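Geometric and topological summary
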Amino acid sequence: MRVLLVEDEPDLRDTVEAGLRDAGYAVDAVADWPDADLLLDVTDYDCVVLDRLLPSGDGLYALAGRRRTGWAVPVLCLTALHALPDRVEGFRLGADDYLPKPFAMVELVARVGSLARRAPGRLPVQLRCADLELDGARREVRRGGVLLTLTPKEYAVLHRLLVHQETVVTRSALIEHCWDEMADPASNVVDAVMAGLRRKLGGPPLIHTVRGHGFLLGAGQAGT
């Protein structure tokens, strides 16, 4: 899942960004709404974490403008304005959830995951291929009933392959959806994650390389 973080306080922005990355999310972080507005026009996000007190003004009024166009990406409002009238105004102007500062990172991660799963057009929580099962609600992966321990990036890549199983997923598509803008498309990050994922999934192999094209997840495929 890909998250946009809009927070103007540098230390807090770095902390939240690191916490979401550790939880397996691809994160783009900006300091003000105009930068967020540009990214929202060109990138599909599963959730937005939005501060209210931004340099350009109250983030809620910018959010309300987007909502009037039919924009439906879930938004978690993260702010020091947490009195009852502030929270009510937040929901009235288009926020889906409201978390006051200070907060626990584990709660923020849980709320982001819950919002992203409820987003319009989201895929089924449980995905399967042969004896491989991914439970998105619990973020658990099992093969043959055995619980596997995956890194956040291994989980993200496997989720993408399961969503598009029996279809070739290109290397660039994996980088676009499982990494953020800091990823280097020319690096071997995909190969490193894929090697670890294949090792943990064991045999018979479910992930196959389609040379010159990308990767395909499916049972009974001929590949490498």
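What counts and what doesn't
Residues numbered from 1 in each chain as written. Predicted model: local features only at pLDDT ≥ 70, side-chain atom pairs only at ≥ 80, totals over all residues. Heavy atoms only, no water. Buried < 20%, exposed > 50% of the residue type's maximum accessible area, 1.4 Å probe, protein only. Helix = DSSP H or I, 4+ residues; strand = E, 2+ residues; numbered from the N terminus. Arc of directions from axis to C-beta. Contact = heavy atoms within 4.5 Å. Polar contact = N/O pair within 3.5 Å; in protein donor to acceptor, adjacent residues only side chain to side chain. Phe/Tyr/Trp six-rings, centres within 6.5 Å; stacked < 30°, edge-to-face > 60°. Salt bridge = Lys/Arg side-chain N within 4 Å of Asp/Glu carboxyl O. Core = buried A, V, L, I, M, F, W, Y, C linked by side-chain atoms within 4.5 Å. Pairing = 2+ DSSP bridges. Axes fitted to C-alpha atoms, helices over the stretch in contact; angles between N-to-C directions. Parallel < 35°, antiparallel > 145°, perpendicular 65-115°, else oblique. Nonpolar A, V, L, I, M, F, W, Y, C, P; charged D, E, K, R; others polar.

Of the residues making up helix α3 (residues 59-67), those classed as buried are G59, L60, L63, A64, R66 and R67. Buried residues in α3, looked at end-on, bunch into an arc of 160°, giving them a common side. Contacts made by the buried residues of α3 are with α2 (33-42), β3 (47-50), β4 (53-54), β5 (57-58), β6 (75-79) and α4 (84-92). Measuring from the backbone nitrogen of L60 back to the side-chain oxygen at the start of α3 gives 2.9 Å, which picks out D58 as the cap.

A few words on helix α7 (residues 171-178). Considered for burial, the residues of α7 that qualify are A173, L174, I175 and C178. Where α7 is buried, its residues meet β2 (26-30), α6 (152-163), β12 (169-170), α8 (189-201) and β14 (214-217).

In this section: the packing of aromatic side chains. Aromatic ring pairs are reported here in terms of the distance separating the ring centres and the angle at which the planes meet. Tallied over the entire structure, the rule returns 1 aromatic pair. Taking the centre distance of 6.3 Å and the plane angle of 55° together, the rings of F91 and Y98 count as tilted. On the accessibility criterion, Y98 (5% relative accessible area) is buried.

This model, assessed by the stated rule, comprises 17 salt bridges. Put simply, R52, D58, E89 and R92 are held in one network by salt bridges that share partners.

Of all hydrophobic cores here, the largest spans 28 residues; its most connected members are V157, L158 and L217. Looking at this core, the elements that each hand over two or more residues are β8 (126-129), β9 (132-135), α6, α7, α8 and β14. No other element matches the 6 residues that α6 contributes to this core. Membership of the second largest hydrophobic core comes to 21 residues, among which are A36, L39, A64 and V75.

Turning our eyes to something else, we now look at the sheet that holds β9. Pairing between sheet strands relies on hydrogen bonds along the backbone, with the strands arranged either parallel or antiparallel. Strand order in the open sheet made by the 4 strands is β8-β9-β10-β11, with antiparallel pairing throughout. Taken across any chain shown, the strands that pair with only one partner, and hence form the sheet edges, are β8 and β11 (146-148). Across the sheet, the axes of successive neighbouring strands diverge by a mean angle of 25°, strand direction being ignored. By the bridge criterion, 4 bridges tie β9 to strand β10 (residues 140-143) in an arrangement that is antiparallel. Looking across to β10, one finds that L132 is bridged to R143. α6 contacts β8, β9 and β10 of the sheet and is inclined by roughly 110° relative to β9.

It is the contact of α7 with α8, at a shortest axis distance of 10 Å, that shows an interaxial angle of 85°. Looking at the two axes, α7 sits roughly perpendicular to α8. Of α8, the residues touching α7 (which contributes R171, L174 and I175) are V190, D191 and M194. Class assignment for the residues of the contact of α7 with α8 results in 4 nonpolar, no polar and 2 charged.

So, about the packing of α6 against α8. How two helices pack is summed up by the angle between their axes together with the distance between the axes. Here α6 crosses α8 at 80°, and the two axes come no closer than 9 Å. The pairing of α6 with α8 is recorded here as roughly perpendicular in orientation. Contact residues: α6 offers K153, E154, V157, L158 and L161, while α8 offers V193, M194, G196, L197, K200 and L201. Here the contact of α6 with α8 is built from residues that sort into 7 nonpolar, 1 polar and 3 charged.

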